[in-house]
Amino acid sequence: MKSLFIDKYSDAFCWYFILLIIIGVIRQTSSAVVPSQNSVSLYTDNDKVIILTGQNFSLLVYESNTAWLIEFYASWCGHCQSYANTYREVAIDTWGWKTVVRIGAINCYADENSALCEQHKIETYPTLRFIEPRTTMNTSKTITITATDAKGVERELIKKLVDVNRIEKSWPQFIPVSRASFDDLFNRSPPSVKLLLVIIEKRDDFTGSQIMLDFSKYYEQLAIFRTTTDKKLWYKFQINTTDIPALFAILPNRTIEKIKTKQENTNENIGNRNLFNYAIRSYIRQRKCVENFDDRDLEEIILSRNALKNAETKLISYKNSAQINLRVNNIIINQKISMIDFETALSYMFRREIPRIQEIRGEAYDALIHWLVVLIKYFPGREPVMNYLKELLSTVKEQSNGLTGKQFHELADLNTTSSYLPNNNFRYKYCAGSSPTHRGYPCGLWILFHTLTVSQVQTELVQINTIEIPSAIKKFLKHFFGCRHCCENFMKETKDINQLDSNNKYAAIIYLWEIHNRVNKRLHGDITEDLQHPKIQFPPKSLCSNCHLTNKNGDSNFDESTTLKFLLRYYSKENIDLSLVENLTIIDDNKQNRIPRNEHQTLIDKYTMIEITNEPKKNVGFIRSLISIFQSFPWYFFILVLVIIFVRRGYYKGKRKRYTL
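Residues numbered from 1 in each chain as written. Predicted model: local features only at pLDDT ≥ 70, side-chain atom pairs only at ≥ 80, totals over all residues. Heavy atoms only, no water.

## Here's the deal with the packing of aromatic side chains
Aromatic ring pairs are defined here through the distance separating the ring centres and the angle between the ring planes.
Okay, step 1: If you walk through the whole model with that rule in mind, you get 27 aromatic pairs.
Okay, step 2: Seen in terms of ring centroids, Tyr570 and Tyr571 are 5.0 Å apart; in terms of plane orientation they differ by 90°. Their pairing is edge-to-face.
Okay, step 3: Residue classification places Tyr571 among the buried residues on the basis of a relative accessible area of 5%.
Okay, step 4: Grouping aromatic residues by their ring pairs yields a cluster made of Trp76, Tyr109, Tyr125, Tyr348, Tyr441 and Phe481.
Okay, step 5: In this structure, Lys48 packs its charged tip against the face of Trp95, placed 4.4 Å from the ring centre.
Okay, step 6: Its end group placed over the ring of Phe186, Arg254 keeps NZ or CZ at 4.1 Å from the ring centre. (Phe/Tyr/Trp six-rings, centres within 6.5 Å; stacked < 30°, edge-to-face > 60°. Buried < 20%, exposed > 50% of the residue type's maximum accessible area, 1.4 Å probe, protein only. Lys NZ or Arg CZ within 6 Å of the ring centre and 35° of its normal.)

## Things to note about the sheet that holds strand E1 (residues 50–52)
Okay, step 1: Across the sheet, five strands lie side by side as E1-E3-E2-E4-E5; this open sheet has mixed pairing. In this open sheet, the two strands that pair with only one neighbour each are E1 and strand E5 (143–145). Mean inter-strand twist for the sheet, computed between neighbouring axes without regard to direction, equals 35°.
Okay, step 2: Across three bridges, E1 lies against strand E3 (residues 101–107) in parallel orientation. Each residue of the ladder has a partner; that of Ile51, found in E3, is Ala105.
Okay, step 3: Sheet strands touched by helix H3 (residues 78–93): strand E2 (67–73), E3 and strand E4 (127–131). Its angle to E2, the strand with the most contacts, is close to 165°. (Pairing = 2+ DSSP bridges. Helix = DSSP H or I, 4+ residues; strand = E, 2+ residues; numbered from the N terminus. Axes fitted to C-alpha atoms, helices over the stretch in contact; angles between N-to-C directions. Contact = heavy atoms within 4.5 Å.)

## Quick word on the nonpolar core
Among soluble globular proteins, nonpolar side chains are generally buried collectively.
Okay, step 1: Judged by nonpolar contacts, the single largest core of 150 residues is most densely connected at Phe350 and Phe379.
Okay, step 2: Dropping the residues within four chain positions of it, Phe379 is found in contact with Met339, Phe342, Leu346, Val374, Val385, Met386, Leu389, Leu448 and Leu452.
Okay, step 3: Grouped together as the second largest cluster of nonpolar side chains are 17 residues, Val177, Leu196, Phe225 and Ile250 included. (Core = buried A, V, L, I, M, F, W, Y, C linked by side-chain atoms within 4.5 Å.)

## Focus on unusual backbone geometry
With the exception of glycine, most residues fall at negative phi, and the peptide bonds are largely trans.
Okay, step 1: The omega angle of the peptide bond from Tyr125 to Pro126 is -15°, so this bond is cis rather than trans.
Okay, step 2: Position of Pro126 among the secondary structure elements: in the loop between helix H4 (111–119) and E4.
Okay, step 3: In this chain, Phe538 is followed by Pro539 through a cis amide linkage whose omega measures 0°.
Okay, step 4: You will see that Arg134, though not glycine, has its phi angle at about 60°, which is positive.
Okay, step 5: By relative accessible area, Arg134 is classed as partly exposed at 44%.
Okay, step 6: Although it is not a glycine, Arg439 adopts a positive phi angle of roughly 60°.
Okay, step 7: Mapped onto the elements of the fold, Arg439 is located in the loop between helix H14 (405–412) and helix H15 (441–459).
Okay, step 8: Judged by its relative accessible area of 29%, Arg439 falls in the partly exposed class.

## Re the sheet that holds strand E7 (residues 222–228)
Okay, step 1: Across the sheet, which stays open at both edges, the four strands sit in the order E7-E6-E8-E9 with mixed pairing between neighbours. Bordering the open sheet on either side are E7 and strand E9 (256–258), each of which pairs with just one other strand. With strand direction ignored, the average angle separating the axes of adjacent strands in the sheet is 25°.
Okay, step 2: As paired elements, strand E6 (residues 195–201) and strand E8 (residues 246–250) share five bridges and run antiparallel to each other. What sits directly across from Leu197, in E8, is Ala249.
Okay, step 3: In this fold helix H7 (residues 207–214) packs onto E6 and E7, with an angle of close to 175° to the strand it touches most, E7.

See the structure below:
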């Protein structure tokens, strides 16, 4: 009887744990399908860029023995995506400098990083900051590097490194030596130094500093100094200014030996840094004067450069191929626009974008007021969201002298049961891209801009101020859009904004539509383009075939009259999909009260969203608690339990079979 009892219940437990394993797998799969913004980065471990987060930043950066160059970026920012390859190039070129300076990047779009980016007062993307060694959190002095090309960034980085007080023995001696004798140079070097090099160059040349950094990990055995043509020391080498830059080795007996760089027999495009680098490596290998010398860093750099170049070539080749053109011709655009995209964009705008600005005063304050007024007048939002906007405008107006970004953030987070703006952690519907780095916020903004212009025409029945909305958009972007390069381009596109026809009530609609198509044309085939959602001329034939006219040459143009009718319908209030914002609510397990989705953000982590139905919810809290308990276990725990059950079940079956015999 005992064996029958055990066999019976081992079957029950077996199926029970199989069910729990399925739940665990679903949990793992769902979290992988929709990656959190916290896990999103423009870089990988293969890029030589250290991925920083709010969790590891203090541990790695503060009180570090090395300096840091850090890129603060937003993964949605088009220019950040374009700049990523430039920054990869910087990281590759400076890979050998890691004992002196390290290259990192942090995504300010991720929730977990936003507070840190605010602490460093990041207002535009991308922003490069230099942080000195031994910097503590409370004394952090960050310096902005404004160069945009890789070589320019490296030169600016060297300038910052030169300005750092030499606190480590491994720190290169960047300052040119002047009247020092050869004995003085040896005295300035560690006693373990086996080779001393001197580079003679012009004062504004960076070759010497680059070489010092390239070989910085051998500082105990290799000392490198630089002197310039305006210093007395270079006369001792008996060379002409035409021989500059030049490389010399000073031997222990204080004699000098010129190291040939073979510049005369080499392609000039290779550059002085590479010529000197290869010459020094060749000299060291021949003389065997540096122990444990290897070329692994150089090999990694060469491989990484080739990989980056090949990746760029493949991407350009693919985007120029017939495949992407075929996809553009057959692309299917959603028939509707989504309210969840509007509210997601507005939530990020008010809770993250605007609060970035340290001081919202003067023109910035006026632009904010103008923008809020336009939203209240023309945004076709839900009642609680419109109440939220009205209350936000009212409280901002009370700060007549302006306010800080932090103060605005506090105002933007005020929600009540009848006045709130949901925060769904930047989950878009129709504006979602093929990856979290594509589309999203910029897409949401464009849809919002078009909708405002259409709403103005459909709500204002008397006189329309055609410049009101384009002007509000331009001022808002000028002061509050994080992607500075994108903003500068928009300013250029709208330089003729004051020439809008005030007698044509549809002027703003057509004006913004034409600008958007020009931008799409310019960015089509760009590295930032989402291959699953190519930049097209809108509307495509799949949405409005009558909008397109074909001339004798086969080129397609738009019929403005037909296109206008389409835009009026497509961006109208009636064409907004409300499904994701009307059918979801949050259930409080303890009080069984339905709470607006974002009334208190702390509830989002505690409760699960479910559809509103008329059926009573029984034991919801118990079941959800049970699932959460088992979700805390790793997936392999369930596998282990399942194996134990099957083994024990087989054991008892075998035992029962032996008794029956």
